[in-house]
Structure formats: C-alpha cells, structure tokens
Amino acid sequence: QVQLVESGGGLVQAGGSLRLSCTASGRTFNMAWFRQPPGMEREFVAGISWSGRDTAYADSVKGRFTISRDSGQNTAYLQMNDLKPEDTAVYYCAGTMYYYSSYVTDLNYDYWGQGTQVTVSS
C-alpha cells in the first residue's frame, strides 16, 4: 500500500503563489490533486499520468495551476499562481494503483493523503 503525504500549504495573499508537494512511498500511476473548500464537497483540481506527459485541470484553475511529477515518480507537485480567495481549501493528493484514462473521477483513486490547508486572504 502506498502512503501519500502532502506539504507546502499555508497562508498567502491574493495574487501570490504556493507550491504543494505530495510524496509517495511507492510508485503510482495516475496522480491528482483534489480540494475541499469550507462547507463544500471535494472537487477535482488537476491530474497527471504516470509518465507526466498527460495532464488535466479543472476549469477554475486552468492557466493558474500546474501539476507535475518528478522523474522517479515519487513526488507530485502543484504550482499555484495568482491565488484567489476562492482557492481556499484543504488540498488532497491522490494516486491510483493502475492506469486509468480518466483523471477526474475520485473513485478511481486508491491512495489519498491527509490533506494540507491552503488559505488565501484578500
């Protein structure tokens, strides 16, 4: 079983940037970031294939967020630029045991991190 641990969350002013990291204890195929804003359901943010060649983004973060992963496939990143107050949420890293063609379906993910808080002030 793969363990995922997120880091990099914190407080930031609107317009600022944060870089989240997700360290995996073993190899994963698809990896993704989800988030859960206060009082809202968990939502898809960004996903990336095992090779790092394919990515997907929620419409709300396109052009602002970039997902990537390292060559060893042990760490995924979420570079968040031009942060907005509506980006405030607990951000969760997720990974799959096998390859799936869909990134956005949370039920496809086998491994989940505990979450890291991102708070964007206005």
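Scroll up a little and you will see the structure.
Here is what the cut-offs are and how they apply
- Residues numbered from 1 in each chain as written.
- Predicted model: local features only at pLDDT ≥ 70, side-chain atom pairs only at ≥ 80, totals over all residues.
- Heavy atoms only, no water.
- Salt bridge = Lys/Arg side-chain N within 4 Å of Asp/Glu carboxyl O.
- Buried < 20%, exposed > 50% of the residue type's maximum accessible area, 1.4 Å probe, protein only.
- Helix = DSSP H or I, 4+ residues; strand = E, 2+ residues; numbered from the N terminus.
- Pairing = 2+ DSSP bridges.
- Axes fitted to C-alpha atoms, helices over the stretch in contact; angles between N-to-C directions.
- Disulfide = S-S within 2.5 Å.
- Phe/Tyr/Trp six-rings, centres within 6.5 Å; stacked < 30°, edge-to-face > 60°.

Q: Is there a simple way to explain the pattern of salt bridges in this structure?
A: Pairing of side chains with opposite charge becomes possible as their charged atoms draw close. Scanning the entire structure with this criterion turns up 6 salt bridges. With a closest N to O distance of 2.7 Å, Glu43 and Arg35 form a salt bridge. By relative accessible area, which is 31% here, Glu43 ends up partly exposed. Two residues, Asp87 and Arg35, come together in a salt bridge whose shortest N-O distance is 3.0 Å. Separated by 52 residues along the polypeptide, Asp87 in the loop between strand 8 (75-80) and strand 9 (89-95) and Arg35 in strand 4 (residues 31-36) bring together distant segments of the chain. Comparing Asp87 with Arg35, the two get one shared label, buried.

Q: Got a minute to help me understand the sheet that holds strand 1 (residues 4-7) in this structure?
A: Sheet strands line up and pair through hydrogen bonds in the backbone, either parallel or antiparallel. Ordered by their spatial adjacency, 4 strands build an open sheet running 1-3-8-7, and the pairing between neighbours is antiparallel. Looking along the sheet, the strands with just one partner apiece sit at the ends: strand 1 and strand 7 (65-69). Within the sheet, the average angular offset between the axes of one strand and its neighbour, ignoring direction, is 15 degrees. Sheet topology places strand 1 next to strand 3 (residues 18-24); 4 bridges connect them, and they run antiparallel. Bridging across to strand 3, Leu4 finds its partner in Ala24.

Q: What's the story with the state of the cysteines in this structure? I'm lost.
A: Disulfide: a covalent bond connecting the sulfur atoms of a pair of cysteines. Scanning all chains against the criterion turns up 1 disulfide. Note that Cys22 is cross-linked by a disulfide to Cys93, the S-S spacing being 2.0 Å. In this structure the cystine formed by Cys22 and Cys93 twists about its S-S bond by roughly -80 degrees; its chirality is therefore left-handed. Placement of the pair is Cys22 in strand 3 and Cys93 in strand 9, with a sequence separation of 71 residues. For the pair formed by Cys22 and Cys93, the shared burial category is buried.

Q: Please clarify how the packing of aromatic side chains should be interpreted in this entry.
A: In this description, a pair of aromatic rings is defined by centroid distance and the angle of the planes. Counting across every chain of the model gives 4 aromatic pairs. Considering the side-chain rings of Phe34 and Phe44, the 5.6 Å spacing of their centres and the 75 degrees angle between planes classify their relative orientation as edge-to-face. One end of the pair, Phe34, is in strand 4; the other, Phe44, is in strand 5 (residues 43-48), and 10 residues separate them in sequence. A relative accessible area of 2% means that Phe34 is categorised as buried. Classification of Phe44 by relative accessible area gives buried; the value is 12%. Between Phe34 and Tyr109, the aromatic rings sit 5.4 Å apart at their centres with planes inclined by 80 degrees, giving edge-to-face as the arrangement. Within this pair, whereas Phe34 is found in strand 4, its partner Tyr109 is found in the loop between strand 9 and strand 10 (111-112), the two being separated by 75 residues in sequence. Like Phe34, the residue Tyr109 is buried in the burial classification.

Don't take any of this as a statement about function, it's just geometry.
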